[in-house]
There are 4 protein chains.
Amino acid sequence: MHNYSSAVSVAIAGASGYAGQELLRILAGHPAASLTAAMTSSAGSTARPLPKLARVWDGELEPLDTDRLASADVVFLAVPEAASAALVPDLRARGVKRIFDLSGAFRLRDLDLRQKWYPATSMQPDDVAYGLTELARPEIREASLVACPGCYPTAALLALQPLADAGLLNLASGIVIDAKSGISGAGRTPSDRTHFSEVHGSVAAYGVFGHRHVAEIEQQLGADVTFVPHLVPIDRGILETIYVRVKPETTAFEIEAAFTAAYDSAPFVRLTRDALPEVKHVAHTNFCDIGWMFDEPSRRLVLVSCIDNLVKGAAGQAVQNFNVAFDFDERAGLS
Amino acid sequence: MHNYSSAVSVAIAGASGYAGQELLRILAGHPAASLTAAMTSSAGSTARPLPKLARVWDGELEPLDTDRLASADVVFLAVPEAASAALVPDLRARGVKRIFDLSGAFRLRDLDLRQKWYPATSMQPDDVAYGLTELARPEIREASLVACPGCYPTAALLALQPLADAGLLNLASGIVIDAKSGISGAGRTPSDRTHFSEVHGSVAAYGVFGHRHVAEIEQQLGADVTFVPHLVPIDRGILETIYVRVKPETTAFEIEAAFTAAYDSAPFVRLTRDALPEVKHVAHTNFCDIGWMFDEPSRRLVLVSCIDNLVKGAAGQAVQNFNVAFDFDERAGLS
Amino acid sequence: MHNYSSAVSVAIAGASGYAGQELLRILAGHPAASLTAAMTSSAGSTARPLPKLARVWDGELEPLDTDRLASADVVFLAVPEAASAALVPDLRARGVKRIFDLSGAFRLRDLDLRQKWYPATSMQPDDVAYGLTELARPEIREASLVACPGCYPTAALLALQPLADAGLLNLASGIVIDAKSGISGAGRTPSDRTHFSEVHGSVAAYGVFGHRHVAEIEQQLGADVTFVPHLVPIDRGILETIYVRVKPETTAFEIEAAFTAAYDSAPFVRLTRDALPEVKHVAHTNFCDIGWMFDEPSRRLVLVSCIDNLVKGAAGQAVQNFNVAFDFDERAGLS
Amino acid sequence: MHNYSSAVSVAIAGASGYAGQELLRILAGHPAASLTAAMTSSAGSTARPLPKLARVWDGELEPLDTDRLASADVVFLAVPEAASAALVPDLRARGVKRIFDLSGAFRLRDLDLRQKWYPATSMQPDDVAYGLTELARPEIREASLVACPGCYPTAALLALQPLADAGLLNLASGIVIDAKSGISGAGRTPSDRTHFSEVHGSVAAYGVFGHRHVAEIEQQLGADVTFVPHLVPIDRGILETIYVRVKPETTAFEIEAAFTAAYDSAPFVRLTRDALPEVKHVAHTNFCDIGWMFDEPSRRLVLVSCIDNLVKGAAGQAVQNFNVAFDFDERAGLS
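In this report, we go over the structure that sits alongside the text. (Residues numbered from 1 in each chain as written. Chains lettered and ligands numbered in written order. Predicted model: local features only at pLDDT ≥ 70, side-chain atom pairs only at ≥ 80, totals over all residues. Heavy atoms only, no water.)

A short note on a negative patch on the surface
A cluster of acidic residues, Asp126, Asp127, Glu139 and Glu142 of chain C, forms a negative patch on the protein surface. Looking at the secondary structure, you find Asp127 of chain C in the loop between α4 (111-117) and β5 (128-130). (Patch = residues over 30% accessible without salt bridge, like charges linked within 9 Å, V, L, I, M, F, W, Y side chains within 5 Å. Areas by Shrake-Rupley, 256 points an atom, 1.4 Å probe, with all protein chains shown as cover. Salt bridge = Lys/Arg side-chain N within 4 Å of Asp/Glu carboxyl O. Lys, Arg positive; Asp, Glu negative; His and termini not counted. Charge placed at Lys NZ, Arg CZ, Asp CG, Glu CD. Helix = DSSP H or I, 4+ residues; strand = E, 2+ residues; numbered from the N terminus.)

As for the interface of chain A and chain C
Tallying the contact residues gives 37 residues for chain A and 37 residues for chain C. Buried area between chain A and chain C, summed over both chains or domains, comes out near 3,000 Å², and the portion from carbon and sulfur atoms is 65%. There are two salt bridges connecting chain A and chain C. As a salt-bridge pair, Asp178 of chain A and Lys180 of chain C come within 3.0 Å of each other at their nearest N and O atoms. On the surface where chain A and chain C come into contact, there are 20 residue pairs in polar contact (both at pLDDT 80 or more). Only β7 (176-181), α7 (196-199), β8 (204-205), β9 (226-231), β10 (238-245), α10 (279-282), β12 (288-295) and β13 (300-307) of chain A provide two or more residues apiece to the side of chain A that touches chain C. Each residue belonging to the side of chain A that touches chain C can be placed in one class, and the counts come to 20 nonpolar, eight polar and nine charged. (Contact = heavy atoms within 4.5 Å. Buried area = accessible area lost by both parts, 1.4 Å probe. Polar contact = N/O pair within 3.5 Å; in protein donor to acceptor, adjacent residues only side chain to side chain. Nonpolar A, V, L, I, M, F, W, Y, C, P; charged D, E, K, R; others polar.)

Some remarks on the packing of aromatic side chains
Per the stated rule, a full pass over the model turns up 38 aromatic pairs over all chains. Aromatic pair Phe100 of chain A and Phe322 of chain A: ring centres 6.1 Å apart, planes at 90°, arrangement edge-to-face. Remark: Phe322 of chain A occurs in helix α11 (residues 311-325) and Phe100 of chain A occurs in strand β4 (residues 98-101); sequence separation between them is 222 residues. Under the relative-accessibility criterion, Phe100 of chain A is labelled buried at 0%. Aromatic rings pair up to connect Phe76, Phe100, Phe322, Phe326 and Phe328 of chain A into one cluster. The ring of Tyr206 of chain A has Arg193 of chain A lying over it, and the distance from NZ or CZ to the ring centre is 4.6 Å. When the ring centre of Phe326 of chain C is taken as origin, the NZ or CZ atom of Arg98 of chain C, which lies over that ring, is 5.5 Å away. (Phe/Tyr/Trp six-rings, centres within 6.5 Å; stacked < 30°, edge-to-face > 60°. Buried < 20%, exposed > 50% of the residue type's maximum accessible area, 1.4 Å probe, protein only. Lys NZ or Arg CZ within 6 Å of the ring centre and 35° of its normal.)

Some details on the relation of the copies chain B and chain D
What connects the two chain copies is a rotation about an axis and a shift along it. When chain B is fitted to chain D, the best match, at an RMSD of 0.0 Å, comes from turning it 180° and sliding it 0.0 Å along the axis. In the structure described here, the two chain copies are related by an operation that fits a two-fold rotation axis. Take the interface residues of chain B: 100% of them recur as interface residues in chain D, which is what a same-surface contact looks like. (Least-squares fit on C-alpha atoms with pLDDT ≥ 70 in both.)

Regarding the sheet that holds strand β10 (residues 238-245) of chain D
All names here are of chain D. Pairing is mixed across the open sheet formed by seven strands, whose spatial order is β8-β9-β7-β10-β13-β12-β11. Both edges of this open sheet fall to β8 (204-205) and β11 (269-273), since each of them pairs with a single strand only. The sheet contact formed by strand β12 (residues 288-295) and strand β13 (residues 300-307) spans seven bridges and is antiparallel. Each residue of the ladder has a partner; that of Ile290, found in β13, is Ser305. Against the sheet, helix α6 (residues 151-165) contacts β7 (176-181), β9 (226-231), β10, β12 and β13, and its axis sits at roughly 35° relative to β10. Sitting on the sheet, helix α9 (residues 252-263) touches β11, β12 and β13, and the angle it makes with β12 is about 165°. (Pairing = 2+ DSSP bridges. Axes fitted to C-alpha atoms, helices over the stretch in contact; angles between N-to-C directions.)

Structural notes on the sheet that holds strand β7 (residues 176-181) of chain C
Residue and element names in this part refer to chain C. Here seven strands make up an open sheet; going across it, the order is β8-β9-β7-β10-β13-β12-β11 and the pairing mixed. Looking along the sheet, the strands with just one partner apiece sit at the ends: β8 (204-205) and β11 (269-273). Here helix α6 (residues 151-165) sits on the sheet in contact with β7, β9 (226-231), β10 (238-245), β12 (288-295) and β13 (300-307), set at roughly 35° to β10. This element, helix α9 (residues 252-263), spans β11, β12 and β13 of the sheet and lies at about 165° to β12.

In structure tokens:
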């Protein structure tokens, strides 16, 4: 067990949204972090302490203040991407050593894609890691800015990347990702889409061919995907059902071996194999559960990947990256 | 069975809210009504046709237009009370014969209470009936304006009034009404309170000692009540658990007899007795189910009353009143 | 409007399950049917009247009795397939003119497939129609036995068949059907899978590569499909997201035209086009809503198809078939 | 912070039910406990490891075995009361120092009440504490058997007892407790009552005048209560709305003071005052949140009390009692 003799000072911008609240909850109880400030997303607004967090963190959320942010060793940004795009250069200029950004501002390396999906981010700084923890620990240790992946790409890539890297997938035959997401993924701002009476008892697809998380998945995977997200009446969690074909001669053993090699020592990936994962098992945890069914004659492989969108899909992965960056126990604050 | 040779022309103002949509659905299929106009709540706004109502009613919602409203024989108002308070005198002046108002504007007879709870309604017109159908059929037949009761008072009064009228209740010992309501009762406008992630997995009390429906219940009952509404994670429906004491010597038979006498020929009240009602049995119907448990030694009586807040608690009861007023089959359009 | 001068006598076996209750509700209110008996699924058991159906149908469910069943003009079977397989020859021998079977017993024409998926049905009688109403009206009019499709195939085939028939689909490139179903589809018998605490807040895939509805879809379509059903925390409804590729040169206009031609005069299919359907809009109705998004450059077509599994996916379609068979208005009892 | 140099060995009987799983989760991560065995409720059955608990506790549940149970320093019983009634004397005879029983077997001191509600427990051993932690720390420290309270009494008594003890309540005017509970409180065994389709979209009262938790509340309070529990469509959590009258002259300040005195140093009771508690804020925690609204003129007091039924209402409180008994930090393993 680590002995965290001297705490790292951390500050949060955007602690009032759902991902931000989760970040606040985790960092307030983190054994190696000292939370020096929790701010809203804008200079003009404070926010009441959250009843749910009473006794866990009892402060009031401060208005956004770059000076105070910059006085921490580490900054977590859970603000809209335009705000991140503006804050990051400023915080770097003021000497902040490590920034963990939960927005999409710095996830895409390609300028054209950024202009299409995240137009606020004209400039991509050096020294950025795409923070899918299990697959990028070395980069995360080095980078001063970690762009934490979106929730959908996290679940998709943890299931697909090891197989793609092992050369087992027939990428040309098409990859279909059918995602089912809880409503907290739509954010805290009330809208028609998040009204209880519109969601309860219903299921709805959205963003067909047009969700910006596709770019992120395709960038990492180097292949085209068809991605359709759906809203289902749960609060937290994502389940993705992924349809691929493997290359001829691929065996069940090779699939198993690729996953085992990738995640053997990963504390937060649980391989459930043919006991397919369910959202309930990962809700409120940082786990990603991955199961699969393989039909060898037809070479069809169905992968099922589950995470809590606010933990492994957002705040939890950010803290996991923080743990990796500072060489803490990867589970610190997360179990 | 009635033969509805000539349809009555009806118009709706406020058809875009949840109660208004329900009204639209019912009236579009009503065998004796001819729906001539369906409007939003304001002169400046139209609304798209509702996907759910395609093939049932395919029109577009018009902006509010008093002239067009007034050209119908009958007007249903599902607008905020300030709008109702303004529209009613105007529509009457233009010769509309019958108005069914779903707002609270004209429910309270006492000026002081109106000023406290519905300040927009300074003037209470003559010729108004409080439209709790089962208990006011004669008044509804005569009145040119029917003030349809609120959802909570409907469930409460249908359970309490027959016992109070029969002199069985010890009104001085206190009446407690604990209500559990679906979220559609909070209206269609998105807010923190109606956000799926705030409602799902939760239960919350609100409006303790301060809900305006109390005035309505107390006015009709002539007794003080303690009323606490709660939001529960369902879309539609209200269940009220009502705690009263009966007068000494009251028997189980007398309670049963009071209910039977009141509702023997009422098509929409189902007495479930000790098989206590559940929201699921009344959702999407105009039924009010009433059950009860009586502890004779202690004289404690627990009543349970259930309705669909948008049907019997709003649109359905308005149409039921329309049926009574025009001497149609009380069930027309409602079963 | 039809004038249903003489009612057809109908009887139901298996009225206590969820589909059976729905059948009971619809037939009790059907203008051209006279419900002479409603039975459970077995000779030994009765069942209490359903509180939800009070005033709609107040009888008690009788034990299964073939003699009484056979005395009706028309029999609806909502019993397990083994019971259907046994009852059908018996009822035919006793002269029942029309049988509408909701089980899977007689859906598959191929003996090998039946032996694999519905082993109780060794014999396939002559004169059977596969009752997907919109696509089989002539056969339904002629057949004495209508095998009503499963819920998943109903939603899938109504979306796929018109395109396949028009020759627009590249069937060789693989068809993926990702289905999300409400829990009532799992039946009324309590189990771990239907326990509220296991379902609430969760999403789970099941039956990958092994659901028997696949055989039904493949039989009708003449092509292989990959089908993965999921349980989502809703009571009623199915949404299927279907991933296909169209043949080269296929245009958006041709897709539109194929659907319009198929459903132009179909009262229960609503084409929502790029306003993708949602479960909420079809729940408690006999509608099938179909929408689609087409990416012409890549020839990818995503179809979304929605039904209420107990209505269009079971009881409603059975009654729709009954209406077709007797040349009643197809909507009788269903709107 | 405590330094837990030597862990106490603990064993669980009944770890497969919902409360038992929660106990397993908490004790597996408890810094001062060493979990030596986790058993089912019966000698004949094992159970698979729980997917949700993978990486938290990966063992298989053993069949019940009194010898192995008795070899632990401390035994937690989450078995039905008949099993507890049989096991406790046996375990004591074998020298188990401390038993924490989650069943109702030993909660009632009065023989007649036990015979009525928990007939399996003819004998009440000496040296039993009623383990409502905040109000019984001294007794819990001394007792060798702690009868942990039921979930409903926990929420009710934490709200009522401080006021009753301070002499502020008019007990003669009647106490009404209207409770809303999640379905996990009904246990893990599937039944009609716990079927998703019966619960979803519904609310239902049950056990009016006949729930055995009433006896427990009345015993502790020394006053009669009217208690009506309801099932609402949530998984975890209880919200109780409690209607009482205070004695003449009682002030808002006295109410506040009684609560503050009782819970000033209680880590798991949060007084929310007029910001009424909601289930969502306590779910998955050991907190009991208590709020209230006081209408001084009428002396009516409405209390709202919220807990997670499986944590503070069962497993959490048992571990909290364990912490008190061994003089550990009361929060060990619970935050």
